[in-house]
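Each chain, letter by letter, is given below.
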Amino acid sequence: MLNENAIDDNKLVGWIRLEGYKYIGINEAVCGGDPTIVGTRIKPENIYNYGSVKDIMEDFGLSEDEVLEAMKFLESK
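Now for a description of the structure that goes with this document. (Residues numbered from 1 in each chain as written. Predicted model: local features only at pLDDT ≥ 70, side-chain atom pairs only at ≥ 80, totals over all residues. Heavy atoms only, no water.)

One can find Lys-43 in the loop between β4 (36-37) and α1 (44-47). A relative accessible area of 19% places Lys-43 in the buried class. Engagement of the side chain of Lys-43 in a polar contact is seen with the side chain of Asp-34, the distance being 3.0 Å. Those residues in contact with Lys-43 that lie beyond four places of it in its chain are Cys-31, Asp-34, Pro-35 and Thr-36. (Helix = DSSP H or I, 4+ residues; strand = E, 2+ residues; numbered from the N terminus. Buried < 20%, exposed > 50% of the residue type's maximum accessible area, 1.4 Å probe, protein only. Polar contact = N/O pair within 3.5 Å; in protein donor to acceptor, adjacent residues only side chain to side chain. Contact = heavy atoms within 4.5 Å.)

Here you go:
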């Protein structure tokens, strides 16, 4: 289910957060509209078994909150 409010940041125009998530959203122009970490082309499933949270943060340039929410998103599916 989608939240109808796009994120209020000029560099993120076109992104729509998934309901209940701050960092997971869709943009029809990115990854075919599949859920990604907002502002990136990183799908949660692409980092799920990558390594430790610290490794993911360093290698993908993500915050701890983004990584943890991506894990939560996948575990809720």
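Having seen the structure, we can now continue with the description.
A word on the side chain of Asn-27. Along the polypeptide, Asn-27 turns up in the loop between β3 (24-26) and β4. Looking at Asn-27, the relative accessible area reads 11%, which means it is buried. Setting aside residues up to four positions removed in sequence, Asn-27 forms contacts with Val-13, Gly-14, Trp-15 and Gly-33.

Moving on to the pattern of salt bridges. Counted under the stated rule, the structure contains 1 salt bridge. Among the salt bridges present, the one from Asp-34 reaches Lys-43, with a minimum N-O distance of 3.0 Å. (Salt bridge = Lys/Arg side-chain N within 4 Å of Asp/Glu carboxyl O.)

Contact pair helix α2 (residues 53-60) / helix α3 (residues 64-75): the axes reach a minimum separation of 9 Å and the direction vectors enclose 115°. The two elements α2 and α3 cross, and the hand of that crossing is right-handed. Residues Val-53, Ile-56 and Met-57 of α2 touch α3, and the partners they reach there are Glu-64, Val-67, Leu-68 and Met-71. Class assignment of the residues belonging to the contact of α2 with α3 gives a composition of 6 nonpolar, no polar and 1 charged. (Axes fitted to C-alpha atoms, helices over the stretch in contact; angles between N-to-C directions. Left-handed = near helix turned anticlockwise from the far one by under 90°. Nonpolar A, V, L, I, M, F, W, Y, C, P; charged D, E, K, R; others polar.)

Don't take any of this as a statement about function, it's just geometry.
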